[in-house]
Amino acid sequence: MGILSASGNRNRNIVLAVYLLISVIILLFSILFLIQAIQAYSFYQYERGFSLLLTGVVGLALSLYMLSVYMKRPGLIRRRELRKMVTVVECISCDYRNKREYSYGDYVLKEHGECPVCGKKVVVTEIYPEVVGKK
Ligand SMILES: [Zn+2]
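The notes below deal with the structure included here. The structure presented is a predicted model; accordingly, all values stated were derived computationally and were not measured.

**Quick word on helix α1 (residues 10–42)**
For an α-helix the count is 3.6 residues per turn, leaving residues at separations of three or four pointing the same way. Here α1 spans 48 Å end to end across 33 residues, near enough to the 48 Å set by a 1.5 Å rise per residue. Those residues of α1 that sit buried are Arg12, Leu16, Tyr19, Ser23, Ser30, Leu34, Ala37 and Ala40. In the stretch just after α1, Tyr44 is the one whose phi turns positive, near 60 degrees.

Put into structure tokens, the structure is as follows:
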């Protein structure tokens, strides 16, 4: 679905809202058709009942498919991931390595004080966004 993977903006939200609305309307109509089908069968109107049943089942399948696409759209999953920037610092001579929250002005190879293990220089080696969980 091309429309659903478009980049996030206000128009996209409107498109998604309309899409959801159409899915729900089809779902409601399908349920209505199914109820009418049951009524038709109870009045022994088999031909009318069958066409209503068919329309209802096809509509139900279509609306459920549309809703599943809506739920699985990529934007929704991305928004649920929480990320924070982390900075990894390493000692230039021993195995000391520490990860901490990124602070403004960090850059790779920046000196970061003394090693608590051996007293040599500690430098920033990595800066990256880390997934910390889902909303
Ligand atoms: Zn060290």
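From this point, things continue past the structure.
**Details of the coordination of the zinc ion**
For the zinc ion, the protein coordination sphere consists of Cys91 (SG), Cys94 (SG), Cys115 (SG) and Cys118 (SG), at 2.2 to 2.3 Å. Taken together, the four donor atoms surrounding the zinc ion define angles of 104 to 114 degrees at the centre, an arrangement classified as tetrahedral. All donor residues of the zinc ion come from one chain, and their arrangement in sequence is C-x2-C-x20-C-x2-C. Here the residue Cys94 occupies a position in the loop between β1 (81–91) and β2 (97–101), and Cys118 occupies one in the loop between β3 (111–114) and β4 (121–134), the gap between them amounting to 24 residues.

**A short note on the pairing of β2**
Pairing between β1 and β2: five bridges, direction antiparallel. Note that in β2 the partner of Thr87 across the bridge is Arg100. Hairpin connection of β1 to β2: five residues between the antiparallel strands.

**Considering the packing of aromatic side chains**
For any pair of aromatic rings, the description consists of the separation of the ring centres together with the inter-plane angle of the planes. For the structure shown, the criterion picks out three aromatic pairs. Ring centres of Tyr41 and Tyr46 lie 5.7 Å apart, and the angle between their planes is 55 degrees; this geometry places the pair in the tilted category.

**Observations concerning the packing of α1 against helix α2 (residues 46–71)**
Between α1 and α2, the shortest axis-to-axis distance is 7 Å and the interhelical angle comes to 155 degrees. Taken together, the axes of α1 and α2 are roughly antiparallel relative to one another. Our pair here, α1 against α2, has a crossing hand that is left-handed.

**Details of the pattern of salt bridges**
Where charged atoms from two side chains of opposite charge come close, those side chains can pair. Tallying each qualifying case throughout the model produces six salt bridges. Glu90 is the salt-bridge partner of Arg97, the closest N and O atoms lying 3.2 Å from each other. Put simply, Glu126 and Arg97 hold a salt bridge, and the shortest N to O gap is 3.6 Å. You can see Glu126 sitting in strand β4 and its partner Arg97 sitting in strand β2, a full 29 residues away along the chain. Shared partners join several salt bridges into a network, and the residues in it are Glu90, Arg97 and Glu126.

Here is what the cut-offs are and how they apply
- Residues numbered from 1 in each chain as written.
- Predicted model: local features only at pLDDT ≥ 70, side-chain atom pairs only at ≥ 80, totals over all residues.
- Heavy atoms only, no water.
- Helix = DSSP H or I, 4+ residues; strand = E, 2+ residues; numbered from the N terminus.
- Expected span 1.5 Å × (residues − 1).
- Buried < 20%, exposed > 50% of the residue type's maximum accessible area, 1.4 Å probe, protein only.
- Donors = N, O, S within 2.8 Å, 3.2 Å for Na, K, Ca; no water.
- Tetrahedral: all angles 85-135°; square planar, octahedral: opposite > 155°, others 65-115°.
- Pairing = 2+ DSSP bridges.
- Phe/Tyr/Trp six-rings, centres within 6.5 Å; stacked < 30°, edge-to-face > 60°.
- Axes fitted to C-alpha atoms, helices over the stretch in contact; angles between N-to-C directions.
- Parallel < 35°, antiparallel > 145°, perpendicular 65-115°, else oblique.
- Left-handed = near helix turned anticlockwise from the far one by under 90°.
- Salt bridge = Lys/Arg side-chain N within 4 Å of Asp/Glu carboxyl O.

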